[in-house]
Amino acid sequence: MPRFLLSVSVMNPFEQQAPVEGIKKIILVGSGKGGVGKSTVTVNLAKKLQQKGHKVGLLDADIYGPSIPRMLGAINQKPEVDENNKILPIQRQGIKIMSMGFMVPENQALVWRGPMLFKAIDQFFRDVKWGELDFLIIDLPPGTGDVALTIAQKVPIDGAIVVTTPQNMSLSDAKKALDMFDRVNAKVLGVIENMSYLRVDGQDEPVQLFPKGELEVFLKSKNLKKIAEIPFHPHVGLASESGIPMVESYPDSPESLAFEQLAQSLV
Ligand SMILES: Nc1ncnc2c1ncn2[C@@H]1O[C@H](COP(=O)(O)OP(=O)(O)OP(=O)(O)O)[C@@H](O)[C@H]1O
Ligand SMILES: [Mg+2]
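Rules used in this analysis
- Residues numbered from 1 in each chain as written.
- Chains lettered and ligands numbered in written order.
- Predicted model: local features only at pLDDT ≥ 70, side-chain atom pairs only at ≥ 80, totals over all residues.
- Core = buried A, V, L, I, M, F, W, Y, C linked by C-beta atoms within 7 Å.
- Buried ≥ 20, exposed ≤ 12 C-beta atoms within 10 Å, placed from the backbone.
- Contact = placed C-beta atoms within 7 Å.
- Helix = DSSP H or I, 4+ residues; strand = E, 2+ residues; numbered from the N terminus.
- Near = placed C-beta within 6 Å.
- Nonpolar A, V, L, I, M, F, W, Y, C, P; charged D, E, K, R; others polar.
- Pairing = 2+ DSSP bridges.
- Axes fitted to C-alpha atoms, helices over the stretch in contact; angles between N-to-C directions.
- Arc of directions from axis to C-beta.
- Parallel < 35°, antiparallel > 145°, perpendicular 65-115°, else oblique.
- Left-handed = near helix turned anticlockwise from the far one by under 90°.
- Right-handed = clockwise from strand over helix to strand, strands pointing away.

For the rest of this paragraph, the subject is the nonpolar core. Core analysis: the biggest nonpolar cluster contains 68 residues, and L28, V29, L136, I137, I138, I151 and I161 have the highest contact counts within it. Apart from the residues lying within four places of it in its own chain, the contact partners of L136 are I23, I26, G57, L59 and W130.

So this is what it looks like as structure tokens:
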């Protein structure tokens, strides 16, 4: 066998993987499809866990379209660097946050090749002073590209959550995300159905904003769990815009209750 083929066949893509000191659990939130609510889930899950007394960090790994700074009221923040050249995460809502949004102005596009991305993700883990964390929740970009693979190669993943909306259009992309997590040995904790339905005052039946697809059947066939159903509600979007997580500003809403149950089952 030619030499290079031999070396490829024995190469372990996860050999660089090393735990991050101080971080107990690393959880990925991904989807496949864009705009289904990954960042919303990440922010509210992180806040719920923090409300329950856990030490929580949030890594916005959506390098090309970071939305966590806005969702947590931290736009235009610049992290400081300590005497050991470690980057100090920005703190909001008792959560330690790191995002490419802190490094690049909001209206500036990031035009990067793979190796730069690889380096940036490595820095997010090794050069950020996360301190002691019970959970680091990572908000992934849409799709099944470089970022998730790079993260899986760098750090051990304790669990992955897939977010989808009810219709088959989103499910078909969610299946790809599930397959990706499988390939990188990330245990899937379950699937979240976001924007499941909308309750309208004075109407008994919920409104199905998106037609129900084959999610239930698919999950059953794969032995996967639906770990939360989050209704659609305008205050979820409002909370994202205002920079205060919905579970904080509307704590008694059914949407917050869904996150309460999610956080509980995760713990
Ligand atoms: N349950 C919900 N009810 C109402 N609005 C919601 C709900 N979930 C998410 N949204 C809104 O939908 C939009 C998209 O959500 P979000 O940014 O979390 O999706 P995403 O999957 O992270 O998107 P991207 O793929 O671009 O990263 C946001 O404006 C958010 O506030
Ligand atoms: Mg997002």
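Read on, since the account is not over.
With that settled, consider unusual backbone geometry. The backbone of Q93 sits at a positive phi, close to 55°, despite the residue not being glycine. Structurally, the position occupied by Q93 is in the loop between β3 (90–92) and β4 (95–99). The exposure class of Q93 is buried, given the 20 C-beta atoms found within 10 Å. Look at N185: it is not a glycine, yet its phi comes out positive at around 60°. Tracing the chain through its elements places N185 in the loop between α6 (168–183) and β7 (188–194). The exposure class assigned to N185 is exposed, which follows from the 12 C-beta atoms found within 10 Å.

This brings us to the site of ligand 1. If you check the shell around ligand 1, you find 20 residues, and the closest are G34, S39, T40, V236 and S240. Breaking the shell around ligand 1 down by element, the ones donating at least two residues are α2 (38–51) and α8 (234–242). Considered class by class, the residues forming the shell around ligand 1 number six nonpolar, twelve polar and two charged.

It is worth spelling out the sheet that holds strand β8 (residues 226–230) at this point. The sheet built from eight strands is open, its strands ordered β3-β4-β2-β5-β1-β6-β7-β8 with mixed pairing. The sheet terminates laterally at β3 and β8, the two strands that pair on one side only. Taking each pair of neighbouring strands and ignoring which way they run, the sheet shows an average axis angle of 25°. Of the strand pairs in this sheet, β3 and β4 are connected by three bridges, and their pairing is antiparallel. Looking across to β4, one finds that Q91 is bridged to K96.

The next point concerns the pairing of strand β1 (residues 23–30). With six of eight residues buried, β1 lies mostly within the body of the structure. Bridging between β1 and strand β5 (residues 133–139) involves six bridges; their strand directions are parallel. From the neighbouring strand, L28 faces β5, where its bridge partner is I138.

Turning our eyes to something else, we now look at α8. Within α8, burial applies to V236, A239 and S240. Projected down its long axis, α8 carries its buried residues within an arc of 100°, all on one side. The exposed set on the far side of α8, more than 90 degrees from its buried face, consists of P234, G237 and E241. Packing partners of the buried residues in α8 comprise α2, α3 (68–71), α9 (246–249) and α10 (254–266). Positive phi shows up at G243, right after α8, with a value of about 85°.

Another point: the packing of helix α4 (residues 114–126) against helix α5 (residues 146–154). It is at 10 Å that the axes of α4 and α5 come closest, and there the two elements cross at 50°. Comparing their axes, α5 and α4 come out oblique. Taken as a pair, α4 and α5 cross one another with a handedness that is right-handed. In contact with G114, L117, F118, I121, D122 and F125 of α4, α5 contributes D146, V147, T150, I151 and K154. Tallied by class, the residues present in the contact of α4 with α5 amount to six nonpolar, two polar and three charged.

Taken across its seven residues, β7 has five buried, putting it largely inside the fold. In terms of strand pairing, strand β6 (residues 159–164) meets β7 through five bridges, oriented parallel. The partner of I161 across the bridge, within β7, is G190. Running through α6, the crossover from β6 to the neighbouring parallel element β7 is right-handed. Pairing geometry for β7 and β8, over four bridges, is parallel. Residue pairing for β8: V191 is matched across the bridge by K226. A crossover links β7 with its parallel partner β8, the connecting element being helix α7 (residues 215–222), and its sense is right-handed.

Moving on to the packing of α2 against α10. To characterise two packed helices, one gives the angle between the axes of the helices and the distance between these axes. Running from amino to carboxyl end, α2 crosses α10 at an angle of 65°, the nearest separation of the two axes being 9 Å. Overall, the two elements α2 and α10 adopt an arrangement that is roughly perpendicular. The hand of the α2/α10 crossing is right-handed. Each of N44, L45, K48 and L49 in α2 lies in contact with α10, whose residues at this interface are F259, E260, L262 and A263. Tallied by class, the residues present in the contact of α2 with α10 amount to five nonpolar, one polar and two charged.

None of the figures reported here should be taken as evidence of function without further support.
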